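The residues making up each chain are set out below.
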Amino acid sequence: MRIVVLAGGIGGARFLLGVRAYARRVGAEVTAVVNVGDDLYLHGLKICPDLDSVMYTLGGGADPERGWGRADETWTVKAELAAYGAEPTWFGLGDRDVATHLVRTSMIEGGYPLSAVTGALATRWQPGVRLLPATDDRLETHAIVSGGGPAGADGQRAIHFQEWWVRHRADIPTHRFVFVGADAAKPAPGVVEALGTADLVLVAPSNPVVSIAPILAVPGLREAVAAGPGRVVGVSPIIGGAPVRGMADRCLAVLGVECSAEGVGRMYGGRRSGGLLDGWLVAPEDGTVTVPAVTVRATPLWMTDETATADMVRAAVELV
Ligand code: GDP
Ligand code: CA
């Protein structure tokens, strides 16, 4: 069996732990297509927060409490940068983490595409699944906001998603999100091929607005999911109206989508009616949810450990 997973950072990484456990049990092959909309350059370094969350988590090197960055991290570089007054100061760059960004940046500057760099970094981390960025091209999620800085004539300005999320804690009047560069982006090598031979496509319980949507914004990628042979099953990131952890509720509010398993399921829509999903897994407390043209099934969705998460994956397989 071949499984492709569309994934963001922390939620995607935890979900992939369960997918990998399930795949080992049944002998399946897993490809993760990871969001790059959060990527940014800081202090001259190319940083890929979601790819790193997935790589460190699957490689056993992630900080379990923070959920992002490296375990046993130290912060000397951050303190030294602050001593220089080097902006921005709101993004945490750990010392161990910096090594990853240094290797990545020199490879990118040497002309390697992000997919090749990701493969090279994975040689160390051995994530046990194939990690692919959604695209090798520049695609950045920006938030269009009012206030908090110099604005255009309409009073609005665009800020990078990381500034919106980390610096403003998503707490600033926000009009919409744009995926800068998406129009000209192409799926990374291997993405369309993986979707074209997948038996199952899983949409991780990642943030639908800023993790899954930017993946699908790459021209040709959504089409490859829609036309592929694999059934598509999504896992709700919302349980009983709550985003479990993180601020997905704030992102959904920007789009005017209700923060519920039904709201997100309907936003994704049914594949048979031009949307994304064949199946939608919701939590038992959301068991009455309906989505037109989508098979909805209730099962526990708390990713407390690998076994519980692997059970979610089995439920997704059985659903279709
Ligand atoms: P990020 O890129 O690091 O923000 O991570 P993702 O976008 O991949 O995942 C974040 C989302 O995961 C959050 O918005 C939550 O809704 C969801 N999430 C986190 N933990 C759980 C869990 O245990 N179960 C489910 N169903 N969703 C979760
Ligand atoms: Ca992210």
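To be clear, the structure that these remarks concern was listed above.
An account of the accompanying structure is given in this report.

Parameters at a glance
Residues numbered from 1 in each chain as written. Chains lettered and ligands numbered in written order. Predicted model: local features only at pLDDT ≥ 70, side-chain atom pairs only at ≥ 80, totals over all residues. Heavy atoms only, no water. Helix = DSSP H or I, 4+ residues; strand = E, 2+ residues; numbered from the N terminus. Rg over C-alpha atoms; globule rule 2.2 N^0.38 Å. Buried < 20%, exposed > 50% of the residue type's maximum accessible area, 1.4 Å probe, protein only. Contact = heavy atoms within 4.5 Å. Areas by Shrake-Rupley, 256 points an atom, 1.4 Å probe, with all protein chains shown as cover. Lys, Arg positive; Asp, Glu negative; His and termini not counted. Charge placed at Lys NZ, Arg CZ, Asp CG, Glu CD. Pairing = 2+ DSSP bridges. Axes fitted to C-alpha atoms, helices over the stretch in contact; angles between N-to-C directions. Donors = N, O, S within 2.8 Å, 3.2 Å for Na, K, Ca; no water. Salt bridge = Lys/Arg side-chain N within 4 Å of Asp/Glu carboxyl O. Near = heavy atom within 4 Å. Polar contact = N/O pair within 3.5 Å; in protein donor to acceptor, adjacent residues only side chain to side chain. Nonpolar A, V, L, I, M, F, W, Y, C, P; charged D, E, K, R; others polar. Left-handed = near helix turned anticlockwise from the far one by under 90°.

1. A closer look at the overall build of the chain
And step 1. Helices and strands together make up the secondary structure of the chain, namely 12 helices and 12 strands.
And step 2. On C-alpha atoms alone, the chain measures out to a radius of gyration of 19 Å, which is about the 20 Å that the 2.2 N^0.38 rule sets for 320 residues.
And step 3. For the chain, the spread of C-alpha atoms along the three principal axes comes to 55 × 45 × 35 Å.
And step 4. Within the chain, the proportion of its 320 residues that are buried is 55%.
And step 5. Within the chain, counting contacts between residues at least 6 apart in sequence, those at least 24 apart form 68% of the total.
And step 6. Summed over all atoms, the accessible surface of the chain reaches about 13200 Å², with 52% contributed by carbon and sulfur.
And step 7. Distance between charge centroids for the chain: 3 Å, based on 28 positive and 34 negative side chains.

2. With respect to the sheet that holds strand β6 (residues 140-146)
As a general point, the strands of a sheet are linked pairwise by backbone hydrogen bonds and lie either parallel or antiparallel.
And step 1. The antiparallel open sheet is built from three strands, whose spatial order is β7-β6-β8. With one partner strand each, in any of the chains shown, β7 (156-160) and β8 (174-180) form the two edges of the open sheet. With direction set aside, neighbouring strand axes in the sheet form an average angle of 30°.
And step 2. Across six bridges, the pairing between β6 and β8 is antiparallel. The partner of A143 across the bridge, within β8, is F177.
And step 3. Together, β6 and β8 form the strand contacts of helix α8 (residues 208-216), whose direction differs from that of β8 by roughly 30°.

3. Focus: the coordination of the calcium ion (ligand 2)
And step 1. For the calcium ion (ligand 2), the full set of protein donor atoms is D38 (OD), D50 (OD) and D50 (OD), and the range of their distances to it is 2.1 to 2.7 Å. Placement of D38 in the loop between β2 (29-34) and β3 (40-42) and of D50 in helix α2 (residues 49-58) is noted, with a sequence separation of 12 residues between them.
And step 2. D38 gets classed as buried once you look at its relative accessible area, which sits at 7%.
And step 3. For D50, a relative accessible area of 6% puts it in the buried group.

4. Details of the pattern of salt bridges
And step 1. Within the structure shown, the criterion is met by 10 salt bridges.
And step 2. Ionic pairing is found between D52 and R104, a salt bridge with its closest N-O pair at 2.5 Å. Here the residue D52 occupies a position in helix α2, and R104 occupies one in helix α4 (residues 95-109), the gap between them amounting to 52 residues.
And step 3. Under the relative-accessibility criterion, R104 is labelled buried at 2%.

5. What to know about the site of ligand 1
And step 1. With respect to spatial proximity, 20 residues lie near ligand 1, and among them I10, S206, S211, P237 and L301 are the closest.
And step 2. A distance of 2.9 Å is found between a nitrogen atom of ligand 1 and a backbone nitrogen or oxygen belonging to S236.
And step 3. In the complex, 90% of the free accessible area of ligand 1, which totals 600 Å², lies under the protein chains.
And step 4. Tallied by class, the residues present in the shell around ligand 1 amount to 10 nonpolar, eight polar and two charged.

6. Overview of the environment of S260
And step 1. Here S260 shows up in the loop between α10 (248-255) and α11 (261-268).
And step 2. The exposure class assigned to S260 is buried, which follows from its relative accessible area of 12%.
And step 3. S260 sits 213 residues away from I47 along the chain, and the two C-alpha atoms are 31 Å apart.
And step 4. Setting aside residues no more than four positions away along its own chain, S260 makes contact with I238 and G241.
And step 5. Here the side chain of S260 touches E258 through a polar contact of 2.6 Å, side chain to side chain.

7. Quick look at the packing of helix α1 (residues 10-26) against α2
And step 1. Look at α1 against α2: their axes get within 8 Å of each other, and the N-to-C directions meet at 35°. Between α1 and α2 lies a crossing of right-handed hand. Only S53, V54, T57 and L58 of α2 make contact with α1, whose side of the interface consists of I10, A13, L16, L17 and R20.
And step 2. Here the contact of α1 with α2 is composed, by residue class, of six nonpolar, two polar and one charged.

8. Some words on the pairing of strand β11 (residues 279-282)
And step 1. Side chains G279 and L281 project from β11 onto one buried face, and the interleaved W280 and V282 project onto a second face that is buried too.
And step 2. Of the strand pairs in this sheet, strand β10 (residues 231-235) and β11 are connected by three bridges, and their pairing is parallel. Note that in β11 the partner of V233 across the bridge is G279.
And step 3. Strand direction decides the pairing type here: β11 and strand β12 (residues 295-298), joined by four bridges, are parallel. Across the sheet, the residue bridging to L281 is R297, located in β12.

9. Structural notes on α11
And step 1. Where α11 is concerned, the buried positions are A261, G263, V264, G265 and Y268.
And step 2. Considering only its buried residues, α11 is in contact with β9 (200-203), α8, α10 and β11.

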